[in-house]
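# Descriptive structure summary
The residues making up each chain are set out below.
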Amino acid sequence: FLTSESQVLHDRAQLEGWKQFEAGDYRAAIRTFESAAMLDETDAEARIATVFSYVTIGSFRAAYTSLEATRRRDENIFAHDVSMPGKFGIGTMAQQVRLTAQGMAEASEQSAEMKALAIYVLWYMDGKDDALRAARSLAGKDANRTFADWPKLMQAALAKPPAKNP
């Protein structure tokens with residue numbers, strides 16, 4: 001649990017991160033969201049926003065590294081009540097991110113890791129059906145079985161009310 005001072009710092013960092021994100025300052029948002037996540041390791045919203053900030057600037061490897069850290073921490077990375085489309089503010093960036101993710105998820109030449117990143121992005125861009133379809137395809141082709149449980153995790157998240165971010 002956070003002390004009241006830590007909670008205030010965390011809340012400020014998260015709020016500032018969203019302001020930076022909505023203003024299109026994604027690099028600053030990355031630093032700020034990472035700070036919020038360090039202050040509160042249970043903050044799924046800050047971790048999801050960090051991944052999205054990296055994706056938005058085209059830093060897919062860094063986004064995947066951040067996603068992997070989230071996978072190690074969370075029991076179900078798809079069970080959080082965070083919807084990203086509204087967080088992009090006015091403009092076409094949300095559509096661009098979703099289209100990029102859709103293309104990555106469907107591209108046969110993409111690595112399993114990049115497909116997984118795209119699936120994660122689609123999920124939080126309110127493309128849950130597309131994400132589930134892509135996860136089923138990935139699970140069937142994943143030689144290392146790294147993502148084999150993703151369809152089950154997604155179905156579990158859809159079956160129960162989303163976990164609220166503390």
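Here the structure is shown first, and the text comes after it.
Residues numbered from 1 in each chain as written. Predicted model: local features only at pLDDT ≥ 70, side-chain atom pairs only at ≥ 80, totals over all residues. Heavy atoms only, no water.

Take Arg133: it is sitting in helix α7 (residues 128-141). Residues Arg133 and Thr70, 63 residues apart in the sequence, show an inter-C-alpha distance of 22 Å. A polar side-chain atom of Arg133 sits 2.5 Å from a polar atom in the side chain of Asp130. (Helix = DSSP H or I, 4+ residues; strand = E, 2+ residues; numbered from the N terminus. Polar contact = N/O pair within 3.5 Å; in protein donor to acceptor, adjacent residues only side chain to side chain.)

A separate point is the packing of aromatic side chains. According to the stated counting rule, one finds eight aromatic pairs in the structure shown. Geometrically, the ring pair formed by Phe147 and Trp150 is edge-to-face, given 5.1 Å between the ring centres and 80° between the ring planes. A residue is classified by how much of its surface remains accessible, and Phe147, at 1% relative accessible area, is buried. Aromatic rings pair up to connect Phe78, Tyr120, Trp123, Tyr124, Phe147 and Trp150 into one cluster. Directly above the aromatic system of Trp18 lies the positively charged group of Lys87, at a separation of 4.5 Å from the ring centroid. Its guanidinium or amino end placed over the ring of Trp123, Lys128 lies 5.0 Å from that ring's centre, counting from NZ or CZ. (Phe/Tyr/Trp six-rings, centres within 6.5 Å; stacked < 30°, edge-to-face > 60°. Buried < 20%, exposed > 50% of the residue type's maximum accessible area, 1.4 Å probe, protein only. Lys NZ or Arg CZ within 6 Å of the ring centre and 35° of its normal.)

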